[in-house]
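What follows is the residue order along each chain.
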Amino acid sequence: MSAPSPAYGALVPYGDPTWYQGLSSPYYKQTHIEFRAKVRDFVEKELMPHVHTWDEEGTYPHDLHKKAYDAGILAAIWPVEYGGTPPPDFDTFHDFILHDELARCGGGGILWAVFLSFGISLPPVINWGTQEMRDRVARRVITGDAIMALAVSEPYAGSDVAGLRPRRKACKAMLEILRKANDIINDVRDHTFTG
């Protein structure tokens, strides 16, 4: 069991995890405390002052991906061999902390566009792609040099993934479909698609 961490957060009972309030935890260690502070600092400096404006404008600065990577936030859950930057002794609780702290910005669109969309599009490449494909795609996406989104749509199914009748299409054709779609997570900046 780790020693109690210093009090953190609003200190409202049940408003923050108990380990934020200085209570001991068998799960949260010093690496979790440090990671939480790093993510919170990034959210407060880089997201919270701008997220409302970005939501209103419907866009955000492209270099936000790179800033998040350089801060050790963007690639915190991804494999080191592809540029991932997991904290020491990474575990599920680091993942909880990442999402909990990112959500503090209150901008769901920004979170999906910058931090979460490749969480649903990159695993098929890493888990089932060829080594050449992983080498070509994974590192660029994980390090913030490319953007990736899951492209799942067709005239007969919409977002009904179970009803899809897939066929191979060129990336330009997929981009044209996404430009016309109503629900686009990463707008039309995506460099790579999986679907």
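The structure presented is a predicted model; accordingly, all values stated were derived computationally and were not measured. (Residues numbered from 1 in each chain as written. Predicted model: local features only at pLDDT ≥ 70, side-chain atom pairs only at ≥ 80, totals over all residues. Heavy atoms only, no water.)

Chemist: Where do I start with unusual backbone geometry in this structure?
Modeler: Excluding glycine, a negative phi dihedral is what most residues carry, and trans is how most peptide bonds are arranged. A positive phi angle is found at D89, which is not glycine, with a value near 55°. For D89, the location among the structural elements is in the loop between α3 (64-70) and α4 (92-103). With a relative accessible area of 63%, D89 lands in the exposed category. (Helix = DSSP H or I, 4+ residues; strand = E, 2+ residues; numbered from the N terminus. Buried < 20%, exposed > 50% of the residue type's maximum accessible area, 1.4 Å probe, protein only.)

Chemist: Got a minute to help me understand the pattern of salt bridges in this structure?
Modeler: When the charged atoms of two side chains with opposite charge come close together, those side chains can pair. The final tally for this structure, using the stated rule, is six salt bridges. The shortest N-O distance in the salt bridge between E44 and R104 comes to 3.5 Å. Pair noted here: E44 is in helix α1 (residues 30-47) and R104 is in the loop between α4 and α5 (108-121), with a separation of 60 residues, a long-range link. In this structure, the salt-bridge partner of K66 is D145, at a minimum N-O distance of 3.2 Å. On the criterion of sequence distance, the pair formed by K66 in helix α3 and D145 in the loop between α7 (131-142) and β1 (148-150) is long-range, its members being 79 residues apart. (Salt bridge = Lys/Arg side-chain N within 4 Å of Asp/Glu carboxyl O.)

Chemist: Explain α1 here, please?
Modeler: Think of an α-helix as turning once every 3.6 residues; residues three or four places apart then point the same way. Given a rise of 1.5 Å per residue, 18 residues ought to cover 26 Å, and the 25 Å separating the end C-alpha atoms of α1 matches this to within 8%. Within the span of α1, buried status applies to T31, H32, I33, F35, R36, V39, R40, F42, V43 and L47. In this structure, the buried residues of α1 make contact with α2 (51-57), α3, α4 and α5. (Expected span 1.5 Å × (residues − 1). Contact = heavy atoms within 4.5 Å.)

Chemist: Sorry if this is basic, but what is going on with the side chain of E101 here?
Modeler: Inspection of the secondary structure puts E101 in helix α4. For E101, a relative accessible area of 0% corresponds to the buried category. Here R40 takes part through its side chain, which lies 2.7 Å from a polar atom of the side chain of E101. Setting aside residues no more than four positions away along its own chain, E101 makes contact with Y20, R36, V39, R40 and V43. (Polar contact = N/O pair within 3.5 Å; in protein donor to acceptor, adjacent residues only side chain to side chain.)

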